[in-house]
Amino acid sequence: MKETQFIRQNQEKWAAYEEMLRHKQRNPERLNELFIQITDDLSYARTFYPNRSVRMYLNGLAQRIFHNVYRGKRIPSGMLLRFWTHEVPRLYREERRALWLAFGVFVLSFSIGVVSSIIDPDFARTILGDAYVDMTEANIEKGDPMAVYKEHDPLGMSVGIALNNLFVALRTAVFGVLASIGTLFILMYNGIMVGAFQYFFVEKGVSWESFLTIWIHGTLEIGAIVLAGASGLVMGRGLLFPGSYTRMQAFQISMRRGLKMFIALIPIFILAAFFEGFLTRFTDTPAPVRALFILISFVFLVGYFVWLPWYKDRRGAFPVGADDLELPPDRRDGFRFSEIKGPGEVFSDAFSLLRRHGQRLWVLIGVSALATGLAGVWLTPPDGQPPFVFHSFYLGALHGARDFFGFREHHFLLGVQTAITLALALLSFSAIRAQLPEDEKEKYEGWAPLLSGGWLALPIPALFFLVQIQYNVLGWLLAIAVAPVLGLWCVVLFFERSNPFTAVGRTLHIARWWDLLTLGFLLVNFLLLLMLFLDTGVWRVIQQFFSWMIPTDGRILAAYSLFTTTFAAAFILYFIFVLLFLSAAFLYFSLREVADARHLQRGIPTVGVQRQIRGLARE
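Residues numbered from 1 in each chain as written. Predicted model: local features only at pLDDT ≥ 70, side-chain atom pairs only at ≥ 80, totals over all residues. Heavy atoms only, no water.

(A) Seen up close, the overall build of the protein chain. Looking only at helices and strands, the protein chain features 26 helices and zero strands. Here the protein chain holds 619 residues, and the buried ones make up 49% of them. For the protein chain, restricting intrachain contacts to residue pairs at least 6 apart in sequence, the fraction spanning at least 24 positions comes to 78%. Accessible area of the protein chain: about 31300 Å², with a carbon and sulfur share of 65%. (Helix = DSSP H or I, 4+ residues; strand = E, 2+ residues; numbered from the N terminus. Buried < 20%, exposed > 50% of the residue type's maximum accessible area, 1.4 Å probe, protein only. Contact = heavy atoms within 4.5 Å. Areas by Shrake-Rupley, 256 points an atom, 1.4 Å probe, with all protein chains shown as cover.)

Okay, structure coming up:
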């Protein structure tokens, strides 16, 4: 058949196909039928017109339907409404024991703070700090004890408080993965602090004024902290009590439930920050109005998280069995590199690879962190500054990461760190290569990929430069935006054996920016949470627990503290680098499928053959 006759016979069908793609409402059965016909036509054109424009046209149509089918699903508004009206009340009803435990721990800790303040008048200074106590005493003497809430711009204050509260709550929830110990510790610390804080004003004779001012925002803020503690206890329960599941499966289920419980609290923290920034400052508002506002906030918390779940459960509104107790999939059949995946799936695949096939990576991370810790002790002069400086407090955790790579006077260590990170990158990509299908694995055998991996010496110092920037909110956003792009650049250099300039163009060509930003958000905030762990009492308790093996000499204890902290910080940073490389590699294969549709191209020649066989079978 001539090409012109082939086009004339099928152009009406192709036009109908294009018309269907232009409309938002599509008939799935008709779309599937047209797609099979198009791929049959493409298979015919590839055989008889391989170098003609009709083949390119049909190939473009097939790719359009492929992208259309695999495009991310939109969340219907009904699902969002159901989350707030059904899933959240159901979760808090089913996890009411964790909620009551978190509430009990907080109340007990609050009482400890009050009693400790009664016994020791200086206890508030120990908890709140001398600067805050002196400032508040000066404000009380001026006749305005709540002046601290009036000193800043309302909008900037609200944004800062919202970020601070979200970090505190996220730390409270996520530290539940430490078998719930981290969550209980943070709940106790916050309870003691609030108790000492409130009694301080009682002792100064301004208890009623402080109550009417502080609890305008504190009702939602402290209530949400307790609820975040409940979500953290749920997260840790899977490790402690796996039941009939494997410990990893139980952990996945409990993490999913706990995260849903935490997500429901985000609007409450934002609202509490708005109240603190814009409303708490109006201390001249009549007392009955402020008391009514506090009561409304309290009724909302109790009504939504306690009464509504109880009421819906009593009426039988919740189905028997939880929706999210389904057994998580156990992907023992390997990783699917031909699928188009979202950033969450990519992040999960990176963890799965580390858990199942990452023995060499864990060894390299551990050895590198050990060497870094020993270098910190060796290079620290007597009574001098250590080469690695670490401190951690919210975004200060990223300051700690920055200072960790500053090296002060020992700049040669930058080259050592670069070599370590280069080794981590090459070993990460080799681990990915080992999981590829046999037909694709052959492309990356031999020394060629490792030699081309030498180009990674360019993007890896760029990653180090990113770590060195001054970290504030803008720096945090920059890290989220740039880190995954640099990671994807590294992957393209390795797997496509290209030079750095070609790799930049290829990276920008296949990039899907929303996926990259989401992946960056996950990585940077995961780093933040891990670094924040080193600023908690839990880490100090761990250090003290093992310090019994150390002589009591002051210099040896200082070296021990420096080594353990440097080792832990280095381990976290190297671990995050490995997660970045693995996640970027998994994302690369997904983005490559979107851009090139290689799996689709390989499957097209078999579509027509399979259809003919089925047709003969039916006849």
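(B) Structural context of a nonpolar patch on the surface. A grouping of W100, F103, V107, L292, L295, I296, F298, V299, V302 and V306 is seen on the molecular surface, where their side chains present a nonpolar patch of about 920 Å² in accessible area. Put simply, the parts of the chain that give the nonpolar patch at least two residues each are helix 5 (96-119) and helix 13 (287-314). Looking at which element gives the most residues to the nonpolar patch, the answer is helix 13, with seven residues. Structurally, the position occupied by L292 is in helix 13. (Patch = residues over 30% accessible without salt bridge, like charges linked within 9 Å, V, L, I, M, F, W, Y side chains within 5 Å. Salt bridge = Lys/Arg side-chain N within 4 Å of Asp/Glu carboxyl O.)

(C) How the structure looks around helix 14 (residues 343-357). With 15 residues, helix 14 should cover 21 Å at 1.5 Å per step; its first-to-last C-alpha distance of 21 Å lies within 8% of that length. When we look at burial in helix 14, the residues that qualify are P343, V346, F347, D349, A350, S352, L353 and L354. (Expected span 1.5 Å × (residues − 1).)

(D) Region of the structure containing the environment of P500. By the element assignment, P500 lies in helix 22 (residues 500-510). By relative accessible area, which is 4% here, P500 ends up buried. Along the backbone, P500 and W489 are 11 residues apart, and their C-alpha atoms lie at a distance of 8.1 Å.

(E) Spotlight on the packing of helix 10 (residues 207-240) against helix 11 (residues 247-263). Two elements in contact, helix 10 and helix 11, have axes separated by 7 Å at closest approach and are oriented at 170°. Considering their axes alone, helix 10 and helix 11 lie roughly antiparallel with respect to each other. Where helix 10 abuts helix 11, its residues A228, A230, S231, V234, M235, R237, G238, L239 and L240 lie against R247, A250, F251, S254, M255, R257, G258, L259, M261 and F262. Looking at the contact of helix 10 with helix 11, its residues break down into 12 nonpolar, four polar and three charged. (Axes fitted to C-alpha atoms, helices over the stretch in contact; angles between N-to-C directions. Parallel < 35°, antiparallel > 145°, perpendicular 65-115°, else oblique. Nonpolar A, V, L, I, M, F, W, Y, C, P; charged D, E, K, R; others polar.)

(F) Structural detail: the nonpolar core. Within the largest apolar cluster, 62 residues are counted, with the highest numbers of intra-cluster contacts made by F429, I432, F495, Y574, L579, L582 and Y588. Of all the elements in the fold, those that place two or more residues in this core are helix 14, helix 15 (359-378), helix 17 (412-435), helix 21 (473-495), helix 22, helix 23 (513-533) and helix 25 (554-596). No other element matches helix 25, which puts 21 residues into this core. Formed by 56 residues, the second largest nonpolar core is a distinct cluster that contains V148, M157, L220 and M255. (Core = buried A, V, L, I, M, F, W, Y, C linked by side-chain atoms within 4.5 Å.)

(G) Geometry of the side chain of N139. With respect to the helices and strands, the residue N139 is situated in helix 7 (residues 130-141). You can call N139 buried: its relative accessible area is 7%. Excluding residues within four positions of it along the chain, N139 makes contact with D144, P145, A147 and V148.

(H) Just the environment of A559, in detail. Positionally, A559 belongs in helix 25. For the pair A559 and T380, spaced 179 residues apart in the sequence, the C-alpha separation amounts to 8.7 Å.

(I) Here's a closer look at the pattern of salt bridges. For the structure shown, the criterion picks out 15 salt bridges. Between R82 and E87 there is a salt bridge; the shortest N-O distance is 3.8 Å. By relative accessible area, R82 is classed as partly exposed at 37%. We classify E87 as buried; its relative accessible area is 13%. Because the salt bridges share partners, they merge into one network encompassing R90, E94, E95, R237 and R257.

(J) Spotlight on the packing of helix 10 against helix 13. For the pair helix 10 and helix 13, the least separation of the axes is 9 Å and the interaxial angle reads 15°. Considering their axes alone, helix 10 and helix 13 lie roughly parallel with respect to each other. Read as a crossing pair, helix 10 and helix 13 show a hand that is left-handed. When helix 10 is examined against helix 13, the residues W208, E209, F211, L212, T213, W215, I216, T219, L220, G223 and L227 are found in contact with a partner set consisting of A287, R290, A291, F293, I294, S297, F298, F300, L301 and F305. The residue makeup of the contact of helix 10 with helix 13, split by class, is 15 nonpolar, four polar and two charged. (Left-handed = near helix turned anticlockwise from the far one by under 90°.)

(K) The confidence of the model for the protein chain, seen in detail. Considering every residue of the protein chain, the mean pLDDT works out to 77; 74% of them sit at 70 or more. Between residues 607-619, whose pLDDT stays under 50, and residues either more than four places distant or in other chains, the model counts five contacts. (pLDDT = per-residue confidence, 0-100.)

(L) Expanded view of the packing of aromatic side chains. One pass over the full model with this rule turns up 27 aromatic pairs. Members of the aromatic cluster, joined through ring pairs, are F347, F351, W362, F563, F567, F571 and F575. (Phe/Tyr/Trp six-rings, centres within 6.5 Å; stacked < 30°, edge-to-face > 60°.)

(M) Region of interest: the environment of F589. Relative to the helices and strands, F589 is located in helix 25. Residue F589 is classed as buried on the basis of its relative accessible area, which comes to 1%.

(N) Representation of the side chain of S368 in the model. Following the sequence through the fold, S368 ends up in helix 15. Its relative accessible area of 5% is what places S368 among the buried residues. Side-chain polar atoms of S368 contact the backbone oxygen of L364, separated by 2.8 Å. (Polar contact = N/O pair within 3.5 Å; in protein donor to acceptor, adjacent residues only side chain to side chain.)

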